[in-house]
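# Survey of secondary and tertiary structure
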Amino acid sequence: MKFIQVLILIVCLINIPAVYAEEFIPKQTDKNGYVEPFQMFDNVFYVGDKWCSSYLVKTTEGLVLLETLESPYGRWIPENVRKLGLNPADIKYILVTHGHSDHVGNAEYIQRMYGCQVVMSKEELQLAKQQSKKSKGEGHFEAPEVNKYVGDGDELVVGDTKFTFYITPGHTNSCLSIDFMVKNSGKSYRAFMVGGHSPARNNAELAKVFIESMRRIRKLALVEPKVSVNLANHPHKNKLFENKELGKRNGAVNYFIDSKNFFDFLDMQEEIGFKKLAELRAIAIEAGSADAKSSSAD
């Protein structure tokens with residue numbers, strides 16, 4: 001009987017996927033892009049790294065994580081949560097803007113560790129699966145199990161916090177942007193995370209749609225209460241670390257509250273979109289001209 005039990009155990013161990021084996025967690029070094037976590041608002045904390053943003057939102061019914069970084073660097077997130085005096089087991093939801101590896105790369109890992117529910121759009125999960133297949137070595141990740149698909153205008157209420165989602169394509173086909181309220185010294189401010197930080201690299205149609213999405217976001221953001229907190233999903237896009245340093249010099253001011261920062265960011269995004277669209281159209285014209293010359297030569 002004991003022999004059969006041992007045999008069953010061996011078979012089970014053999015069948016455990018490699019991803020569940022002892023997983024690599026990189027050292028927390030400046031070279032790796034590690035950033036000590038810090039508090040931004042009464043209910044929002046930064047748990048991302050130098051290159052990609054990840055925000056933790058504290059609600060009356062647990063924690064909500066926005067974005068999960070590139071694998072394996074997002075495996076720092078649970079420790080970062082502990083450093084803030086919070087418990088990663090209290091993460092109830094993971095909100096993912098799109099399926100690129102630097103945003104979804106650790107959703108499955110954190111979901112598996114703590115049983116969180118993952119929220120994203122259906123089309124972006126397919127992109128996450130494609131990216132997963134391409135991931136290798138220490139950067140390998142699995143696509144998460146999505147517990148709640150959301151579309152344009154859908155909402156998620158977690159305790160005292162309501163998250164509103166918008167489909168804002170252009171960076172990818174079905175990027176999610178996220179709209180919710182943050183609190184600073186008890187006062188509420190409207191925050192917005194734009195799902196895609198730049199237009200698609202090689203798709204003129206998506207570049208055009210990206211511009212339209214930025215214009216739509218601007219209209220949404222102007223509705224009172226006007227957006228005054230830019231939770232960009234890459235820290236260089238909202239001057240995150242610069243504003244953190246300003247706050248160290250003057251603790252009386254929260255420099256993350258800056259409506260101009262958000263609308264300047266949208267202007268910059270739209271300009272990037274126009275440049276990319278012009279570039280891709282020029283390439284298409286050049287390619288068409290080359291094809292025409294080739295055909296006449298034939």
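All values derive from a computational prediction rather than experimental measurement.

Thresholds applied
- Residues numbered from 1 in each chain as written.
- Predicted model: local features only at pLDDT ≥ 70, side-chain atom pairs only at ≥ 80, totals over all residues.
- Heavy atoms only, no water.
- Phe/Tyr/Trp six-rings, centres within 6.5 Å; stacked < 30°, edge-to-face > 60°.
- Helix = DSSP H or I, 4+ residues; strand = E, 2+ residues; numbered from the N terminus.
- Buried < 20%, exposed > 50% of the residue type's maximum accessible area, 1.4 Å probe, protein only.
- Pairing = 2+ DSSP bridges.
- Contact = heavy atoms within 4.5 Å.
- Axes fitted to C-alpha atoms, helices over the stretch in contact; angles between N-to-C directions.
- Polar contact = N/O pair within 3.5 Å; in protein donor to acceptor, adjacent residues only side chain to side chain.
- pLDDT = per-residue confidence, 0-100.

### A look at the packing of aromatic side chains
- In total, this model carries 12 aromatic pairs according to the counting rule given.
- Between Tyr-34 and Trp-76 the ring centres are 5.1 Å apart and the planes differ by 85°, which places this aromatic pair in the edge-to-face class. Here Trp-76 lies in the loop between strand 4 (62-66) and helix 2 (77-83) and Tyr-34 lies in the loop between helix 1 (2-14) and strand 1 (38-39), a separation of 42 residues in the sequence. Pair check on accessibility: Tyr-34 and Trp-76 agree, each one buried.

### Some words on the sheet that holds strand 4
- Taken in spatial order, the seven strands make up an open sheet running 1-2-3-4-5-6-7, and their pairing is mixed. Among the strands making up the open sheet, the edge pair consists of strand 1 and strand 7 (146-149).
- The pairing of strand 6 (residues 117-120) with strand 7 spans three bridges and is parallel. Bridge assignment links Met-120 to a residue of strand 7, and that residue is Tyr-149.
- Where helix 4 (residues 107-114) meets the sheet, it contacts strand 4, strand 5 (91-95), strand 6 and strand 7, and its direction lies at approximately 165° from that of strand 5.

### A look at the environment of Leu-220
- Looking at the element boundaries, Leu-220 is found in helix 6 (residues 204-222).
- The buried category is assigned to Leu-220, whose relative accessible area is 18%.
- For the pair Leu-220 and Asp-179, spaced 41 residues apart in the sequence, the C-alpha separation amounts to 9.6 Å.
- Excluding residues within four positions of it along the chain, Leu-220 makes contact with Tyr-166 and Arg-190.

### Details of the side chain of Ser-135
- Here Ser-135 is to be found in the loop between helix 5 (122-134) and strand 7.
- Given a relative accessible area of 14%, Ser-135 falls into the buried group.
- A polar contact is formed between the side chain of Ser-135 and the side chain of His-140, at a distance of 3.1 Å.
- A polar contact of 3.1 Å, which involves the side chain of Ser-135, links it to the backbone nitrogen of Phe-141.
- Ser-135 has contacts with His-140 and Phe-141, leaving out every residue within four places of it along the chain.

### Quick notes on the side chain of Ser-54
- Mapped onto the elements, Ser-54 comes out in the loop between strand 2 (44-46) and strand 3 (55-59).
- For Ser-54, the contacting residues outside a window of four places in its chain are Phe-45, Tyr-46, Val-47, Gly-48, Leu-65, Leu-66, Glu-67, Thr-68, Leu-69 and Ile-77.

### Description of the confidence of the model for the protein chain
- Residues with a pLDDT of 70 or more make up 89% of the protein chain, whose mean pLDDT is 90.
- This stretch, residues 3-21, has a pLDDT under 50; its non-local contacts, to residues over four places away or in other chains, come to five contacts.

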